[in-house]
Amino acid sequence: MLLSQTQAQPVSNPTYGAKVSSLSAAAGDFVQLRNVYKSYGENLVVMDRMSLDMRADDRLVVIGPSGSGKSSLLRVLMGLEGVQGGEIMFQGKPYIRGADQSGSKRIDAKLQKQIGMVFQHYTLFPHLSVLGNLILAPVKVLGLNKADATERARKYLARLGLESKLNAYPSQLSGGQKQRVAIARALMLEPKLMLFDEVTSALDPEMVIEVQNVMLQLAEQKMAMIIVTHDMHFARDIATRVVFCASGKVVEEGAPADMFKCPKETRTREFLEKVLYLD
Ligand SMILES: Nc1ncnc2c1ncn2[C@@H]1O[C@H](COP(=O)(O)OP(=O)(O)OP(=O)(O)O)[C@@H](O)[C@H]1O
Ligand SMILES: [Mg+2]
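Presented here is a report on the structure given in the accompanying data block. All residue numbers refer to position in the chain's written sequence, counted from 1. Ligands are numbered from 1 and chains lettered from A, in the order in which they are written. Thresholds applied to this predicted model are a pLDDT of at least 70 for local features of residues and 80 or more for the giving and counting of side-chain atom pairs; totals over whole chains, interfaces and linings are not thresholded and use all residues. Side-chain measures were taken over the full set of non-hydrogen atoms in the model, leaving aside hydrogen atoms and water.

## Some details on the side chain of Lys70
In plain terms, the rule: The secondary structure listing takes helices from DSSP runs of H or I that are at least 4 residues long and strands from runs of E that are at least 2 residues long, numbered from the N terminus. For every residue, the accessible area (1.4 Å probe, protein chains only) is compared with the maximum for its type, and the residue is labelled buried under 20%, exposed over 50%, or partly exposed between those bounds. Counted charges follow a simple rule, with Lys and Arg positive, Asp and Glu negative, and His plus the chain ends left uncounted. Take a side-chain nitrogen of Lys or Arg and a carboxyl oxygen of Asp or Glu: if they are within 4 Å of each other, that pair is a salt bridge. A 3.5 Å cut-off defines polar contacts: any pair of N or O atoms within that distance qualifies, except that in protein one atom must be a possible hydrogen donor and the other a possible acceptor, and neighbouring residues in sequence count only when both atoms are side-chain atoms. In this analysis, two residues are considered to be in contact whenever any of their non-hydrogen atoms come within 4.5 Å of each other.
Take Lys70: it is sitting in helix 2 (residues 70-77). Put simply, Lys70 is tucked away with no salt bridge, and the nearest opposite charge, on Glu198, sits 5.1 Å away. A distance of 3.1 Å separates a polar atom in the side chain of Lys70 from the backbone oxygen of Gly64. In this view, Lys70 contacts Val62, Ile63, Gly64, Pro65, Val228 and His230; residues no more than four positions away in its chain are not counted.

## Quick look at unusual backbone geometry
One non-glycine residue, Asn35, lies in the positive phi region at around 50°. Tracing the chain through its elements places Asn35 in strand 1 (residues 31-40). For Asn35, a relative accessible area of 46% puts it in the partly exposed group. You will see that Ser247, though not glycine, has its phi angle at about 50°, which is positive.

## Details of helix 5 (residues 146-159)
Operational definition: The length a helix should cover is 1.5 Å for every residue beyond the first. In this description, one arc is meant: the one made by directions from the helix axis to the C-beta atoms.
Across its 14 residues, helix 5 extends 20 Å between first and last C-alpha, which sits within 8% of the 20 Å expected from 1.5 Å per residue. Those residues of helix 5 that sit buried are Ala149, Thr150, Arg152, Ala153, Tyr156 and Leu157. Along helix 5, the residues classed as buried sweep out an arc of 160° about the axis, all on the same side. Exposed residues pointing more than 90 degrees away from the buried face of helix 5 are listed as Ala147 and Glu151. Buried residues in helix 5 make contact with helix 4 (130-141) and helix 6 (175-187). The N-capping residue of helix 5, defined by a side-chain oxygen 3.1 Å from the backbone nitrogen of Ala147, is Asn145. Positive backbone phi, approximately 70°, marks Gly161, located one or two places after helix 5.

## Description of the site of ligand 1
Rules: When we say a residue is near a molecule or strand, we mean one of its heavy atoms is within 4 Å of it. Note that accessible areas follow from Shrake-Rupley with a 1.4 Å probe, and for residues the cover is restricted to the protein chains shown.
Close contacts around ligand 1 come from 13 residues, with Ser66, Gly67, Lys70, Ser71 and Ser72 the closest. The separation between an oxygen atom of ligand 1 and a polar main-chain atom of Ser68 is 3.1 Å. Calculation on ligand 1 without its partners gives an accessible area of 630 Å², and the protein chains cover 59% of this total. Elements with a minimum of two residues in the shell around ligand 1: strand 2 (44-54) and helix 2. With 3 residues, helix 2 is the largest single contributor of residues to the shell around ligand 1.

## Some words on helix 2
Of all 8 residues in helix 2, 6 are buried; the element is thus mostly enclosed. Buried within helix 2 we find Lys70, Ser72, Leu73, Leu74, Val76 and Leu77. In the segment just after helix 2, Gly79 is the residue with positive phi, at about 80°.

## Notes on the packing of aromatic side chains
By convention here, two paired aromatic rings are described through the distance between centres and the angle between planes. Short version of the rule: Working definition: a ring pair exists when centres of Phe, Tyr or Trp rings (six-membered ring for Trp) sit within 6.5 Å. Plane angles under 30 degrees give stacked, over 60 give edge-to-face, the rest tilted.
Applying the stated criterion across every chain yields a total of 3 aromatic pairs. Seen from their ring centres, Phe30 and Phe90 are 5.3 Å apart, and the 70° between their planes marks the pair as edge-to-face. Here Phe30 is found in the loop between helix 1 (16-21) and strand 1, whereas its partner Phe90 is found in strand 4 (residues 85-90), with 60 residues between them in sequence. Both residues of the pair, Phe30 and Phe90, belong to the buried class. Judged by centre distance (5.1 Å) and plane angle (35°), the rings of Phe244 and Phe271 are tilted. With a gap of 27 residues between them, Phe244 in strand 9 (residues 241-246) and Phe271 in helix 10 (residues 266-278) connect regions that are remote in the sequence. Of the two residues, Phe244 and Phe271, neither departs from the other in class, the shared state being buried. Ring pairing ties together the aromatic residues Phe30, Phe90 and Tyr95, which thus form one cluster.

Here it is in structure tokens:
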């Protein structure tokens, strides 16, 4: 047994356990990757004909060694980078298709708007207040009027315990508050899927918890999420499925209880032993 003691509080939703135990159900068609191929230059393949399925009620946690392509996967899903081959379907519709060797983007912009992403490093606009950061995209991308966008911003800030920070500037916020504002900003577009790329790895421990709690709250609200994290305890608490990637491939995937207790593949076991030991 590799991981048995919990450090973080699991989702308090009473149905959580039931959801986790129903994981053996067939993989869904909310997100489907089919033979996706992506390389940087000729030699560095980061997605090596990768295939993956995700259900709308999944919280997929992606783990793997540094440089294994986890961020690349999320950046591709966010439409920030193209792929050279394969296909990605989102909600059953073609979303991204492989292009030529240049990896130029072929993406459905309408579907792209339904995905939100939060990055490891703070990405708030420093010259805008929290409110300014939150309403920018809804006004520009969705064409929402300012009053409606402001009302929506208040709603999300209140939900994330940040209502008093409406007029603050990013420089006046702690790291944890900045990341919570970044999450609120992504939620403003009311995405159907949220991507989180190591959003707590630059934070002090007490701030890690406040950001993780927000993510657990989203999990209770059944938000579909793909989370890249090196925090295996959090991974086990929030995931419905864990995906171990190495060398651009999915080496193993499964329910967190199985993956962390008895990984099947040697490569997964070696990785988990290493990171849990370092933990
Ligand atoms: N724009 C780029 N151009 C060239 N190479 C890149 C680019 N972005 C990433 N890479 C390389 O692709 C590989 C995969 O990078 P990626 O950031 O996806 O890994 P990761 O799994 O997220 O790693 P980490 O756990 O350290 O964040 C790395 O070797 C990285 O150096
Ligand atoms: Mg990364």
